Amino acid sequence: MKIVSAQLRNFRNHTDTELEFKTATNVLLGENGQGKTNVLEALSYLCLTKSFYAANDSTVIQQGKEFFDIRGTLLLDLGTELDIRVVYDAALKQRRYFIGQREVETFSSVIGKYPIVILSPENSSITFGTPADRRKFMDLVISQSSKIYIDDMLEYRRTLRQRNKILAEAARKKMFTGGDEISLAPWTESLITRGAKIILKRAQFFKEFSPYVSNAYASIVDINETPMVEYEPQIECSPDDSVAAIEERCRCALEQKRSDEIKTGTTLVGPHRDEVAFSLNGLRLRTFSSQGQHKTFLIGLKIAEFFYLKERCTETPVFLLDDVFSELDERRSTRLVSFIENLAQTFITTTTESVFHNALVWNGEKQKIFIRNGSAVSAKEAAIA
Ligand SMILES: Nc1ncnc2c1ncn2[C@@H]1O[C@H](COP(=O)(O)OP(=O)(O)OP(=O)(O)O)[C@@H](O)[C@H]1O
Ligand SMILES: [Mg+2]
């Protein structure tokens, strides 16, 4: 897939910005705070129905405006063009998503259809942050390639909320009644059946995903650094296990933790407690690695994500690289750009062109877009600024 064009109205600091894109590389250039990242965020609305940040609609609508409206044209791998539109009405607090003339009712049905791989400064939490940050990364990759996983996750989260509500209430009363027991039982059953499927899918995902990470790493780093990604489920699991076997283990673990759950008022067993471990040359990344190594590892994960999704989605993903060069030395930056630009359509934001001196040959398929004060301007105007 390629993104052919986009029009942003009342979106962040873009009041009315029209952009035409090239099929290979689009470099968004401009000083800090001018609206480069905002363009990528608008593209994520087009492809995923939402922001790649945690940002909600009321934050991204231009301050004081009543609506935002993002339109875009996608060129699918088979050559069809598709118009996408995302409109948000502030008064109604309602976001609507259209493919051509057809309004999409269920946003989750769009996930994985128009895949994008995003690398933004927020992503540093994947390697630096908490287990929850790593689970989020894993869930996002699996979700883009498996509709069943999305459904299981949505149902699991709902189950977890309901189950926690009952447990919290029991903890508050300092009493667990027969009535609580009866209302908890179906949620416990759902936790076990959905949870086991999620755990198994994650175990299978990591088996498939790890070779992609090793290959990706080798393509951007020329020295000998061996990355490793490992799934560390709370409930023991191997990719060849049966769902029934995992369910049984979950059931046993829940029974063991039963009194603790009532005491703490929260669900203590399940895939929401899983961890993902990253290491470099056998050492835990979080504890031992430098900033540049973290960043390189993250890029390795993202390139792995690209290949993983490319083979599983119907469309080739598009790369959105936000501020990717900070913390990378010139050699790694140059190598990264020349590697990625051969894979897919790429959008790169940066404040400085210097990194492209050796890496890019500007031709008909590549362009610089200058962004200043919420508008796309000509190179000449940008130079005057
Ligand atoms: N809802 C909003 N309404 C109006 N302006 C907004 C809104 N949200 C953000 N902005 C403005 O957008 C600008 C930031 O844009 P953006 O994050 O895209 O900058 P950038 O070009 O990526 O900068 P940097 O190089 O620092 O990353 C800021 O000036 C901010 O005030
Ligand atoms: Mg930015």
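Residues numbered from 1 in each chain as written. Chains lettered and ligands numbered in written order. Predicted model: local features only at pLDDT ≥ 70, side-chain atom pairs only at ≥ 80, totals over all residues. Heavy atoms only, no water.

Q: For this particular structure, what's the right way to read the overall build of the protein chain?
A: Each helix and strand in the protein chain was counted, giving 12 helices and 15 strands. What you see for the protein chain is a C-alpha radius of gyration of 23 Å, in line with the 21 Å of a compact globule of 385 residues. Structurally, the protein chain occupies a C-alpha span of about 75 × 55 × 40 Å along its principal axes. The 385 residues of the protein chain split such that 50% are buried. In the protein chain, of all internal contacts separated by at least 6 residues, the share reaching a separation of at least 24 is 71%. When the accessible surface of the protein chain is summed, it comes to about 18000 Å², and 50% of that surface belongs to carbon and sulfur atoms. Of the charged side chains in the protein chain, 50 are positive and 51 negative, and the gap between their average positions amounts to 3 Å. (Helix = DSSP H or I, 4+ residues; strand = E, 2+ residues; numbered from the N terminus. Rg over C-alpha atoms; globule rule 2.2 N^0.38 Å. Buried < 20%, exposed > 50% of the residue type's maximum accessible area, 1.4 Å probe, protein only. Contact = heavy atoms within 4.5 Å. Areas by Shrake-Rupley, 256 points an atom, 1.4 Å probe, with all protein chains shown as cover. Lys, Arg positive; Asp, Glu negative; His and termini not counted. Charge placed at Lys NZ, Arg CZ, Asp CG, Glu CD.)

Q: Sorry, what's going on with the site of ligand 1 here?
A: The environment of ligand 1 is formed by 16 residues, the closest being Gly 33, Lys 36, Thr 37, Asn 38 and Ile 61. With respect to ligand 1, the backbone of Gly 35 contributes an N or O atom lying 3.0 Å from an oxygen atom. Mapped by element, the contributors of at least two residues to the shell around ligand 1 are helix H1 (36-48) and helix H2 (57-60). Considering every element that reaches the shell around ligand 1, the biggest residue donor is H1, with 3 residues. (Near = heavy atom within 4 Å. Polar contact = N/O pair within 3.5 Å; in protein donor to acceptor, adjacent residues only side chain to side chain.)

Q: Is there a simple way to think about a positive patch on the surface in this case?
A: Residues Lys 50, Lys 136, Arg 157, Arg 161 and Lys 165 make up a contiguous surface patch of positive charge. Here the positive patch gets 3 residues from one element, more than from any other, and that element is helix H5 (residues 147-173). Its relative accessible area of 38% is what places Lys 50 among the partly exposed residues. (Patch = residues over 30% accessible without salt bridge, like charges linked within 9 Å, V, L, I, M, F, W, Y side chains within 5 Å. Salt bridge = Lys/Arg side-chain N within 4 Å of Asp/Glu carboxyl O.)

Q: Mind showing me how you'd approach the pattern of salt bridges here?
A: Side-chain pairs of opposite charge can arise where the charged atoms are in close proximity. Evaluation of the coordinates by the stated rule reveals 26 salt bridges. Here Asp 139 and Arg 202 are joined by a salt bridge, their closest N and O atoms 3.1 Å apart. Of the two residues, Asp 139 sits in helix H4 (residues 131-145) while Arg 202 sits in helix H6 (residues 178-220), which places them 63 residues apart along the sequence. For Arg 202, a relative accessible area of 2% gives the class buried. Put simply, Glu 208 and Arg 312 hold a salt bridge, and the shortest N to O gap is 3.3 Å. Here Glu 208 is found in helix H6, whereas its partner Arg 312 is found in helix H9 (residues 291-312), with 104 residues between them in sequence. On the accessibility criterion, Arg 312 (33% relative accessible area) is partly exposed. When salt bridges with common partners are traced through the structure, they connect Asp 69, Arg 71 and Arg 85 into a single cluster.

Q: So what exactly am I meant to see when it comes to the packing of aromatic side chains here?
A: Aromatic rings in a pair are described by how distant their centres are and how their planes are angled relative to each other. Applying the stated criterion to the full structure yields 17 aromatic pairs. Ring plane angle 20 degrees and centroid distance 4.8 Å describe the contact between Phe 205 and Phe 209, whose orientation is recorded as stacked. With a gap of 4 residues between them, Phe 205 and Phe 209 both fall in helix H6, about one helical turn apart. Between Tyr 212 and Tyr 308, the aromatic rings sit 5.9 Å apart at their centres with planes inclined by 80 degrees, giving edge-to-face as the arrangement. Of this pair, Tyr 212 sits in helix H6 while Tyr 308 sits in helix H9, placing them 96 residues apart in sequence. One exposure class covers both Tyr 212 and Tyr 308, and it is buried. Aromatic rings pair up to connect Phe 137, Phe 205, Phe 206, Phe 209, Tyr 212, Tyr 231 and Tyr 308 into one cluster. Just above the ring of Tyr 308 sits the side chain of Arg 312; from NZ or CZ to the centre is 3.9 Å. (Phe/Tyr/Trp six-rings, centres within 6.5 Å; stacked < 30°, edge-to-face > 60°. Lys NZ or Arg CZ within 6 Å of the ring centre and 35° of its normal.)

Q: Even after reading the chapter, I still don't get the domain arrangement of the protein chain, so can you show me in this structure?
A: How big an interface is tends to be reported as the loss of accessible area on association of its parts. Domain assignment breaks the protein chain into domain 1 (1-115 + 315-385) and domain 2 (121-312). In this complex, domain 1 contributes 23 residues to the contact, which on the side of domain 2 involves 24 residues. Carbon and sulfur atoms make up 63% of the surface buried where domain 1 meets domain 2, a total of about 2100 Å² over both sides. In this assembly, domain 1 and domain 2 are joined by 1 salt bridge. (Domains from an automatic or database assignment. Buried area = accessible area lost by both parts, 1.4 Å probe.)

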